[in-house]
Structure formats: structure tokens, C-alpha cells
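Listed here are the chains, written in short residue letters.
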Amino acid sequence: MNHPFAGRSMAVINDFTRDERRYVFTKTRELKEALESGDPARIERFRISDPDFGIYEVFLEDSTRTKESFKNAAHFHRAKLSALSSESSSFNKGESYKDTFINLAGYDNRIFIIRSKLEGVCRWLENALSDYSRRHGLSWKPSFINAGDGRHEHPTQELLDEFTFLEDNSWDYSSIHVALVGDLYHGRTVHSKADGLNVFDSVQVDLIAPDVLEMPDYYVQQMRRNGFTVRTFPSIEAYLQQSHIADKWYFTRPQLERMGDRVLKRKDELREMITFQHRFLSMLPEGTIFYHPLPRNKENAELPGFLDPLPLNGWERQSANGRLVRIILVGLLAGLFGEDFSGKQHQEMPDVEDYIETVNTSDRPAVKRYSEGVHPIDEGIVIDHICRGDTAQEIREHMGKIVSILGLHGKGGEWVSTSQESREKFKGIIFRPGHRPLSEKEIRQLAAITPGSTLNIISAGAVKEKFRLHTPPRMYKISGLSCKNELCISHPDHHEGVDPHFIKTDEGTMHCLYCDESHTFKEVWR
Ligand code: NCD
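Residues numbered from 1 in each chain as written. Predicted model: local features only at pLDDT ≥ 70, side-chain atom pairs only at ≥ 80, totals over all residues. Heavy atoms only, no water.

A separate point is the overall build of the chain. Counting its secondary structure elements, the chain contains 15 helices and 21 strands. For the chain, the share of sequence-separated contacts (at least 6 apart) that also reach a separation of at least 24 residues comes to 76%. Of the accessible surface of the chain, which amounts to about 23600 Å², a share of 47% is contributed by carbon and sulfur atoms. With 68 positive and 78 negative side-chain charges, the chain shows a separation of 3 Å between the mean positions of the two kinds. (Helix = DSSP H or I, 4+ residues; strand = E, 2+ residues; numbered from the N terminus. Contact = heavy atoms within 4.5 Å. Areas by Shrake-Rupley, 256 points an atom, 1.4 Å probe, with all protein chains shown as cover. Lys, Arg positive; Asp, Glu negative; His and termini not counted. Charge placed at Lys NZ, Arg CZ, Asp CG, Glu CD.)

Quick look at the structure:
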């Protein structure tokens, strides 16, 4: 399948490059103009018009706008729309996501729209169902669209938000200044903005949230990596005390259903800090527009009703745009249009570069001999420089993990000693006299558990082979890995059979492929 969009999934906004998103917006604009023209021939070009083309909605959390706008988009396409009822499906009999969706794909359904409490579901299903397509020799693979997963992302909301910002920017991509206000901690729509806003060339973001509702650090860092200028403020009141005020404000509601008791106790005080008051109106720059993914609470709205008739009401048009961008997204994934796209395409993840360095031992005249205590080792393995620089206690704990994950039980010992370069620094050494050399798979596994260490294979009293182990750029298919985010689809408590998968970031942290949670190197080990 060579179509640039057909059969693809959108688990996070970054699954589409900025060129691809700009293409979505151009198409959406053409559709909007066609609908406004009322010309049936122009409108018809945007329809799939195939009653057998299967679109499935699976909403495992409440929704009005996202669910109904996708439904209206499917009706526009004159496609076959089905919905899986969460109350009466086999999820309640303990069936896994993978089995459920393999079954629905077997009925020839092509596009799945999923909202769930668990994070990373669409990424997981995209991978698992690609294998299914291959197994069955299908010429197509199903697309998965994330309609909101826990506190993670909401990429199609991001598309309609960006489209509306652009409309209000007179289609100028050069710069945007936007204030994000509200529950930035739990709000998935604002998390998608960390990558989504890079559709603009220059981005200034002001984050307005009280301490417990602040944007998670990962997304703030991601905004900075994307070159955005980021400022933070604890309340609207504090924001309005300075003079550089954004002309676009994006509000989100406090997500009470995701808050713990500690935060819920403070809900009234927190709400006050993110609610727009009448007296603030005169402080806004001319032409300011307000947006909101909705819903807003009918009793305590962050955007109170007095704002509805004012020209700054952008949220009603924003919500109507939801159907339009979703019509275009579905049309692209169905392969209806998009062949003329010529910008930068999304790349699959590159192959893993090597992280096992073989150290040449043959040209060393004085081969280092390893002894465990007073006994020189003749045959076996020695893992050296483990966790260099950590405390003795940390090193001991980590050596315990290495032994248990690699099954290195048996003769030999684990030592904490000082490193040769610096007497103040500790390092760990595992001696296994008589142990067979490790297999390639085991060496890779060892690198994943203890990067920075060296592995010595000892034969006839000398180091026969030596490997320096670096941090792998990706870690998966290794037993003992686990994501610490309890909402992640790969978390062991959910028993979904998902192989945990981590990607090393430029900062050296490990990033979960499914939920984007950042881990230190040690945290990925169960
Ligand atoms: C949002 C959501 O569900 O993430 N709403 C939406 O999709 N339009 C925001 C919210 O629930 O607060």
C-alpha cells in the first residue's frame, strides 16, 4: 500500500508530521468552502460513499463532541458505522483489547475510533493488528484513531483546535501566542499541544494553572525541545498583572474524575484561579479569542455564560470544526484522497544502532587477570563497572536485579569496590567462575539492565573477549521491564499481554512507547 495516508493510525499528534497536518488543514478548508458553496458536485468529492466501508466507535469513557462528531463524519461519508457498547461487551468478561479488535477487524472494519481510560491503547493495537494483517495475508491493515486516552493525548481534538487557531490567524503559519488555562495536569487536549503547536513556525505558550494542576514536566520539556517560548503563571489574576498577554486563550475544565482526594479537597479554590471573571474583560488585548474543547460544567464554568454572546466566543465554531477535520482524517486514512501530498512524511522508527562495543583484547600485552578475592578466575564471566558512581546500597540492589533477571544464580559472588580512576567512587562487580559465556541475546539484555558496565569472558586465566555495554536506544522483548504508569496499557496490572517498550531520549531517560511516561534507567525494571 503506497498511499501516503491509507491504513495509518493516529495514536498521538506526532504520528502526523507538521507537513501532513498542514495538508489536513488545507483539505479541511477546501471541504468547508465546498459545504458553504452548497455545490453537490464539490461536496461529493469528499465522500467515501461506500456502505461497506466499516468505521467502528469504541468509547469506554463518556463523550459527546468527539463521539458524535465522528458519527456525523461517518454519516457524511455514507459509510457503515458501528459502535461497541462498553456495558455489554466481552471487556467485562476479561477479554483483552487485542482479541476484541482482531475480532472486529475480522468483520472487515477499517477504521477504529477508541476512547479509553488506559493510555497507549491505539499504539498497541496498531502494532498488534499489523501482525494480524500479515498473518492473514490481508492487503490492508486497520487504522486506530485515539479519541482520548486517559491523561495522555487527544490528537484529533488537537487537529480541530489547530484548524480553528489557523482560521483566526488568517491562515498565517508564521507565529502564534496562546495561553493554556486550567487543568493542565490531567487535560489530554493540552498535552497534545506540546507537539501539535509546532505546526506554527514560532510559538509562545503561557501556561496558567495552580500548582497541583501544572503541566507535567515531560510536556513542558517537549515544548522547549520544539523551540517554543514557555512561561508559567499560577492563576488568571497573576497572568493579567503583566503586559504581554496572549490573544488566544485555550481553557480546559478541572478533570475531577481523574483527581485524587488531596486535590479534590481544594477544588473550589483551584476553580477560582482558572475561572474567567467579568472584571478581567477590559484587560484583554483587542481581538482576543477564547477556545475550549468542552464540556464546561453548567454550575461552575471556567467560561461563564456572560461570555457566550461576545465576539471572543471561539469555542462554538471550534466545536463545529470537529466534524470537518474528522471527515478529512477518515477520508485520508481510507485512501480517498491524499495522493497529491508531497511534504515530509512520517517515518517509521529507525533501526536500532549497535550498543554492544567489542573491545579488542588480543593486542594487549599484559592481559588483565580477574581474581575473586584471592582466587584467580580461570574460566567464567566477570561483569565489571556496574552502576559506577552510585551508593554501595544502590549498587547492591541493582546487582540483585541483574542476577535475578539473567538467572545468574550459582557459584561466585557480588562485590562493591572502588573504581580505579577515582577512589571515592563505588562500582559493582559480579564474578561467575565456571559460567558459560553469555549468548548474544543475554549480552543485549545485560546492556539493557546495566549500561556502562563491561562484560569479560575469561578463558585459560585471561580475558578472551571483552564487551563495553552502552544504553540501548530501544528496549523491548526483555523480561523484567515494566512501565511505572499504572494507567499505561503495558502496565502488568492490566494483563493485556503488551510487551513493554522504551525509547532512549536525548537526555538519557527512557520513554514509554505507549503512554510517553519518562523513566530513569533503573525505574524500567520491575
Ligand atoms: C475533552 C476530552 O474528553 O478530553 N473533551 C473533548 O473531547 N471535546 C476535554 C474534557 O473532557 O475536559
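What follows covers the domain arrangement of the chain. Once the domains are mapped, the chain shows domain 1 (13–151 + 323–333), domain 2 (155–315) and domain 3 (356–472). Computed over C-alpha atoms, the centres of domain 2 and domain 3 are 51 Å apart. (Domains from an automatic or database assignment.)

Around the ligand, a shell composed of Thr66, Arg115, His154, Gln157, Arg188, Thr189, Arg253, Gln255, Pro293, Leu294 and Pro295 is seen. In this structure, an oxygen atom belonging to the ligand sits 2.6 Å away from a side-chain N or O atom of arginine 253. Leucine 294 places a main-chain nitrogen or oxygen 2.9 Å from a nitrogen atom of the ligand. The fraction of the free accessible surface of the ligand (320 Å²) that becomes covered by protein chains is 95%. Across the shell around the ligand, the residue classes break down as 3 nonpolar, 5 polar and 3 charged. (Near = heavy atom within 4 Å. Polar contact = N/O pair within 3.5 Å; in protein donor to acceptor, adjacent residues only side chain to side chain. Nonpolar A, V, L, I, M, F, W, Y, C, P; charged D, E, K, R; others polar.)

What follows is about the state of the cysteines. Counted under the stated rule, the structure contains 0 disulfides. Take cysteine 122: it sits in no disulfide, and the sulfur closest to it among the cysteines is that of cysteine 488, at 13 Å. (Disulfide = S-S within 2.5 Å.)

This part covers the pattern of salt bridges. As enumerated under the stated definition, the model contains 35 salt bridges in all. For lysine 32, the salt bridge goes to glutamate 167, with nearest N and O atoms at 2.7 Å. Separated by 135 residues along the polypeptide, lysine 32 in helix 1 (residues 18–37) and glutamate 167 in helix 6 (residues 155–168) bring together distant segments of the chain. Of the two residues, lysine 32 and glutamate 167, neither departs from the other in class, the shared state being buried. A salt bridge links glutamate 44 to arginine 78, with the shortest nitrogen-to-oxygen separation between them at 3.6 Å. With glutamate 44 in helix 2 (residues 40–44) and arginine 78 in the loop between helix 3 (65–77) and strand 2 (80–84), this pair connects stretches of sequence that are 34 residues apart. You can call glutamate 44 partly exposed: its relative accessible area is 36%. (Salt bridge = Lys/Arg side-chain N within 4 Å of Asp/Glu carboxyl O. Buried < 20%, exposed > 50% of the residue type's maximum accessible area, 1.4 Å probe, protein only.)

For leucine 281, the position within the fold is in the loop between helix 12 (267–273) and strand 9 (289–291). Spatially, the C-alpha atoms of leucine 281 and glutamate 424 are 61 Å apart, while their sequence positions differ by 143 residues. Ignoring anything within four residues of it in the chain, the contact list for leucine 281 reads Phe276, Phe306, Leu307, Leu310 and Leu312.

Residues Leu180, Trp249 and Phe290 are the most contacted members of the largest nonpolar core, which totals 89 residues. Among the domains, domain 1 (13–151 + 323–333) and domain 2 (155–315) are the pair contributing at least three residues each to this core. Excluding residues that lie within four positions of it along the chain, leucine 180 makes contacts with Val190, Lys193, Val205, Asp206, Leu207, Ile208, Met215, Met223 and Tyr250. If you look at the next biggest cluster of nonpolar residues, it comprises 61 residues, including Ala11, Phe101, Ile114 and Val403. (Core = buried A, V, L, I, M, F, W, Y, C linked by side-chain atoms within 4.5 Å.)

Here helix 6 contains 14 residues, and its C-alpha end-to-end distance of 20 Å stays within 8% of the 20 Å for a straight helix at 1.5 Å per residue. Burial within helix 6 is extensive, with 13 of its 14 residues counted as buried. Following helix 6 by one or two positions, serine 170 adopts a phi angle in the positive range, close to 50 degrees. (Expected span 1.5 Å × (residues − 1).)

For the rest of this paragraph, the subject is the pairing of strand 6 (residues 202–208). Of all 7 residues in strand 6, 6 are buried, a share of seventy percent or more. The pairing of strand 5 (residues 175–182) with strand 6 spans 7 bridges and is parallel. Its bridge partner lying in strand 6, valine 181 is registered against isoleucine 208. Inspection of the sheet shows strand 6 paired to strand 7 (residues 229–233) by 5 bridges, in the parallel sense. Bridge pairing in strand 7 links aspartate 206 to arginine 231. (Pairing = 2+ DSSP bridges.)

Looking at the element boundaries, leucine 213 is found in the loop between strand 6 and helix 9 (217–225). Each C-alpha atom of the pair leucine 213 and tyrosine 185 lies 4.7 Å from the other, and the pair is 28 residues apart in sequence. With residues up to four places along the chain from it excluded, the contact list for leucine 213 reads Gly182, Asp183, Leu184, Tyr185, His186, Met259, Val263, Leu270 and Ile274.

What follows deals with helix 3. Across its 13 residues, helix 3 extends 18 Å between first and last C-alpha, which sits within 8% of the 18 Å expected from 1.5 Å per residue. When helix 3 is considered as a whole, its buried residues turn out to be Thr66, Ser69, Phe70, Ala73, Ala74, Phe76 and His77. Taken end-on, helix 3 shows its buried residues confined to a sector of 155 degrees, consistent with a single buried face. (Arc of directions from axis to C-beta.)

With an omega of 10 degrees, the peptide bond running from leucine 294 to proline 295 counts as cis. As for its placement among the helices and strands, proline 295 is situated in the loop between strand 9 and helix 13 (315–333). The phi dihedral of arginine 78 falls on the positive side, at around 55 degrees, and the residue is not glycine. Assessed through its relative accessible area of 46%, arginine 78 is described here as partly exposed. Phi is positive for lysine 477, which is not a glycine, with a value near 50 degrees.

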